[in-house]
Each structure stands twice: as structure tokens, then as C-alpha cells.
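Notes for the structure review
Chain residues, written in single-letter form:
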Amino acid sequence: MSNRAFVLHGVFRVLLISAAFVVGFGLEGHAQTPGSIEGRLTSTEGRIIFPFFYGPKVGDACNPFVDYNCEASEATIKAAQDAAAKSGKCDPYLDYKCLDTYLGDGVLTRFFRYYQLEWGKAVAPSDPNAPPSARDAAVWPKTPVSTPPMPYTDFPYGGSPNIGTTRPNSVDSPFMMAIANTGLGKWLQDQHIQIYGWVNGGFNLSTNQLQPAGNLPIGYAYTPNTAQLDQAVVYIERLPDTVQKDHIDWGFRLSALYGENYRYTNSYGILSDQFNGNNNINGFDFPMVYGDLYIPQIFEGLNIRVGRYISVPDIEAQLAPNNITYTHSLTYTFDNYTNTGILFTLAATKNWIVQVGVTDGTETPIWNNGRTIPNAFPNPLYPNTTMLKDPGNQPSLTFCLRWTSDSGKDSIYPCVDGINNGAWGYNNIQWHGFTYYHKFNEYWNLAFEAYWISENGIPNNRNPNAQAIFANGGTPFSPQFINFNPPNMAYCPDVNALSCTGNAYGVLAYLNYSPDRLNNISFRPEIYDDPQGWRTGTGAPVRYYDATLSWQHFFSPQFEIRPELSYWHAEGAPAFNGFTKNDTFMFAMDAIIHF
């Protein structure tokens, strides 16, 4: 090993050890804002206390709206309610019936007062007359985590609402609360339709300098040393009621996204000239357009989803509030993003979920199926005068199993997705892998993911004949058809081969520590192996090692920031700053404001 490589590996190890020390020993959890109800801690198991300072113990005062294991007695609640009544103050957290009085009548007034109401708390005011949000814990796994600070409550699975824990009108939305007393708001409420979304912007400071795209292959912050609008998103949605088991229900989601992140949801054939024709920095997309039919009488419930939806399984997600950290792992950045088709999700028992689906491939709309384009340069790879516009657009299989423990603390979710003949397509990834989640206690949980992805018949970037075929319009993704961001060629082991199979392997974990419900600290280590340079476009074999330490801080359920520090190392060939650097350090931070 060279001296330089030895130093780089040493720096990487020091970073890992330092991050582990910070996460493991250097943080003290505390409530952010005192609530009007005081509770008492019932447990501190798993909570980190800074070694040199006194820490909380069982019985200490705590904030029920922020702290874990914080129990407020009936006497304490009654005293707080009496004090509020005596002072004449309206507090919807103490008396839900006064929520409208607190918010007022005007739409704008209600909108801003709802932000004010939730500030410093991790939960919305609770309606005591609302139906249960989940099936009884005696017959259904308990919900393991809370949001905030995690981006989910059930450990996630894709392609379906969470069976057993989904209720209509359940999204906490300032906009819906603002219009609740208008004619439109009442009609939407009666129809169980909600309109909501968020604005997400961020910045990064990087050791890369090339603009744009100098941070590549790092995802979702591809231009170094800049601020950007990551995504502005609007949902129109109806959630089916999967808690009940007595009637068939339905739902849908229409989504619209604008910002830099459209680059990571682009489907070849849906507004794709923005990305493949012009390489615009910002753009539009509609990453989810689907309908759900929920049939509770089949076993423990069957959901049928039809349309375009986020692919399965994955810890991470394109939509910012559904992702733990700001930036994304390489494992996710070079994953498949959306599928279009039909997916059946069956809760066979309270512990087992089975998913079977047929799609048209990955990142490609149904109207590309069978569509041909002229072949300007017939060749051994594509010998005819015409060729398919996207050979990856073909009937493809999804099959997943999910097991959840009775306690809800463990979940394993193996999947295969986009499975077909693996022909070189726009993003025709053959996905094989799994996610695993484990909750240690209220403060600690772990998410782990591993996959192997592959694709066949990728032109060989080491072979001059294959390069000529690509350059002269002899492939569906030649520059004559796609100006920017075509699928990558591969560094094939045999220089004489015109094409080969590409493989890539990703392994990552998120170790999460939440001192309270307004804060989470995540440590994300990752190894990503791209032996043909196929996914990351290096033109040479590269293995990546990276580590990210991130803090997610919520001022309320509607506003969060996510600062993070990361280190990335490419072993085998330069991969950063336009393929000129092997190493990158980056500080990044974003903010999400919900409406």
C-alpha cells in the first residue's frame, strides 16, 4: 500500500472512530420547550448522558410532548387544564374543543397560528374523539418509532399504505387546518382528501470545485459549494382506511415536484427533455400518480396499487420528509426510483406481508413499450434498421416478503424488483436485496440495507468498436437520441467483447440515536462496489467507502433542519470533481417547511 493510500485509510478510520465516539458518548438529550403539562420519566434505558454532567433519572420532570418515556398523571393533566381555564387561555393541547377558538376565522390567520401552536412540540393536538390510528396491539405489531424525529412510524415497506396503521385525513397539515372552515375545506374533509406538501432547500460546502456536477457521484447535492432548491412538492391524496376490516376502501395520490431533485426521479418519456435533452438544473416531475384499492376481507387485508409509484424496498426515499438525512447514500443514488404497473400487497398474517407485482421496468412509462426508433448504424449489438427506444421497457416482476415481530421492534424485508431479461435499458436495473430494521429501545434503532444489482448487454467502453457503435447512433441511447445523461457503458473484463454484464453491490446502515422526539443523530457508513464503473460512470472499476454524521432537528412537526458532515473515498480510480479526485469532504444542510 502506498504512503498516500495508507494515510487516506488512516483518516477514514479516524473519522469512523470519532463519529462513533460523538454518537456514543458525547450527546445529552433534553427537552427543547417546556410544555404546559409536566410528566415524570418512567425509564431512561438507552439514553446517553454526557460523562461529566448529571443526567436525568426515573421520576425526574419531563415534557410529554417531547420526551420519550414521559408519563403525565391524570392529576397533573387536570391541574394544567384548571390553570388554563382560570387564566382564560385557550390551549388546544389541554382542551381540543378550543382548537377553532385558538386558530380564529381567517384562512391566513389560521395558517400561521397553527405553526405557532405546534412550535416546540413533536405532536399535533390530539382529538379525543378520533378513531384509533392503529389496530389493537394485542392483534397487530406495535408501531415502533415516532415521526418526528424519524421520517416514518412503521418501519417502511414500499408500494402500499401501511396496512393496519393508515387512517384517512391523518396528515398533520397547516394548509388543511387553515381551510378547514371553508366550503372547500369541509368538502375535502368529507371526501377524505387532503392537499399538502413542503418546500425543501439546502446548501453544501465541498472540497470539490467543478460546477456544475463536481460532487458527483454523491446524490442530491451534485453541484459543490452552492445553495439550491431541492424540491417543492404538492400532494393531492386520499388515504384508504386500513385499520378497519369491515368495508372495501380506496385511495389515490397525485404528486408534483419541482427543483434540483427531479434529476433523481426522471422517467425516460415523462418530461424527460428537461434532463436528457437540456440537462436543466431544476425541473418538474410527477413521481407518484397512482390509485389504491384496499380489500380488508382477504386475510388481514389486501391493497392493490395501480400507476406510477416509488420502487421497493429501500431505507431512503426521494421525497425529503421520507428520508433520514439530507444527502443520500450511493446505494440509493444509483438505485431504481419509480415503477409503473400494478402491485398487490397482502397482509397474510399480522407478521407476514407478501408483495407481487408486474411493472414495465424502471424509470420508463408504459407508452415506451414496443416503441421503435431508426438505427443509423446497424451493428452486431443492434443489427436491424430499427431498434427499441428503450429495451428495458418490458413486463417485469416484483416479489417481496416482509416479516415483522410481534413487538414491532424487528422487521426484515427481502425483495427482487424490476426482474426481466436485464437488457441494457434506460435504467433497467435487476434489483436483488433486503432491508432490516431493529429497535433497541426508545432512543436507539438501526436500519440496514444490502443489494446486488445487474444489467446485461452493456456496451464495452474499453472496446473501440463498441465506442464507435455508440458514437455513430447504433444504440438506443447514443447521442443522436439522448443529448445528456444517457445510461453508462461498462468497463468489461474482456477488452475484445462488445458488451458484458454489469454488476454493483451496496451495503449501508443507519445507526440512529434520538435523545427526544425533536432530535435524531444518524451515523451512516457505506461500502459501494462498482466493478465495471457502470453505475457511477467512472469508466473503470471503483469501490467507494463513505461515512456521514447527521443531526435532524425539528422545531415542530412542520419545520426541520438537517446538518451533516461526510467523507467519501473512491478506491481504484478518481471519481469526484469530474473524475479528478479520489476523496471528498462535505458539509451540507437543508431545511424542510411543511404546509
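The model shown is predicted, which means the values in this text are computed figures rather than measured ones.

Topic: the packing of aromatic side chains
- With the rule as written, the count across this model stands at 29 aromatic pairs.
- Measuring from ring centre to ring centre gives 5.1 Å for Trp424 and Phe477, while their planes differ by 85 degrees; the resulting arrangement is edge-to-face. Taken together, the residues Trp424 in the loop between strand S15 (410-419) and strand S16 (430-439) and Phe477 in the loop between helix H9 (464-471) and strand S18 (499-516) connect sequence positions 53 residues apart. Per residue, the accessibility class of Trp424 equals that of Phe477, and both read buried.
- Relative to Tyr528, the ring of Tyr451 has its centre 6.4 Å away and its plane inclined at 90 degrees; by these criteria the two rings are edge-to-face. Here the residue Tyr451 occupies a position in strand S17 (residues 444-459), and Tyr528 occupies one in strand S19 (residues 519-530), the gap between them amounting to 77 residues. Note on accessibility: Tyr451 and Tyr528 belong to one class, buried.
- Aromatic ring contacts, followed pair by pair, group Tyr268, Trp424, Tyr426 and Phe477 into a single cluster.

Quick look at helix H4 (residues 107-118)
- With 12 residues, H4 extends 17 Å between its outermost C-alpha atoms, agreeing within 8% with the 16 Å of an ideal straight helix rising 1.5 Å per residue.
- Every buried residue belonging to H4 is among Arg110, Phe111, Tyr114, Tyr115, Leu117 and Glu118, and all of these are buried. In a view along the axis of H4, the buried residues occupy a sector of 160 degrees, so they form one face of it. Residues of H4 that are exposed and point more than 90 degrees away from the buried face comprise Leu108, Phe112 and Gln116.
- In this structure, the buried residues of H4 make contact with helix H3 (99-103), helix H5 (174-178), strand S20 (542-556) and strand S22 (583-594).
- Directly after H4, the chain includes Gly120, whose backbone phi takes a positive value near 85 degrees.

Description of the state of the cysteines
- Summed over the entire model, instances satisfying the criterion amount to 4 disulfides.
- The side chain of Cys62 participates in a disulfide bridge whose partner is Cys70; the two sulfur atoms lie 2.0 Å from each other. Taking the torsion about the sulfur-sulfur bond, which here is approximately 95 degrees, the covalent link between Cys62 and Cys70 counts as right-handed.
- Counting only the cysteines that form disulfides, in the order they appear in the protein, gives the pairing 1-2, 3-4, 5-6, 7-8.

A look at H9
- Ala466, Ile469 and Phe470 are the residues of H9 that are buried. On an axial view of H9, the arc spanned by its buried residues comes to 95 degrees, and they lie on one face. Turned more than 90 degrees away from the buried face of H9, the exposed residues are Pro464 and Asn465.
- Its side-chain oxygen at 2.8 Å from the backbone nitrogen of Asn465, Asn463 defines the N-terminal cap of H9.
- Looking one or two places after H9, you find Gly473, whose phi comes out positive at around 85 degrees.

Criteria and thresholds
- Residues numbered from 1 in each chain as written.
- Predicted model: local features only at pLDDT ≥ 70, side-chain atom pairs only at ≥ 80, totals over all residues.
- Heavy atoms only, no water.
- Phe/Tyr/Trp six-rings, centres within 6.5 Å; stacked < 30°, edge-to-face > 60°.
- Helix = DSSP H or I, 4+ residues; strand = E, 2+ residues; numbered from the N terminus.
- Buried < 20%, exposed > 50% of the residue type's maximum accessible area, 1.4 Å probe, protein only.
- Expected span 1.5 Å × (residues − 1).
- Arc of directions from axis to C-beta.
- Contact = heavy atoms within 4.5 Å.
- Disulfide = S-S within 2.5 Å.
- Polar contact = N/O pair within 3.5 Å; in protein donor to acceptor, adjacent residues only side chain to side chain.

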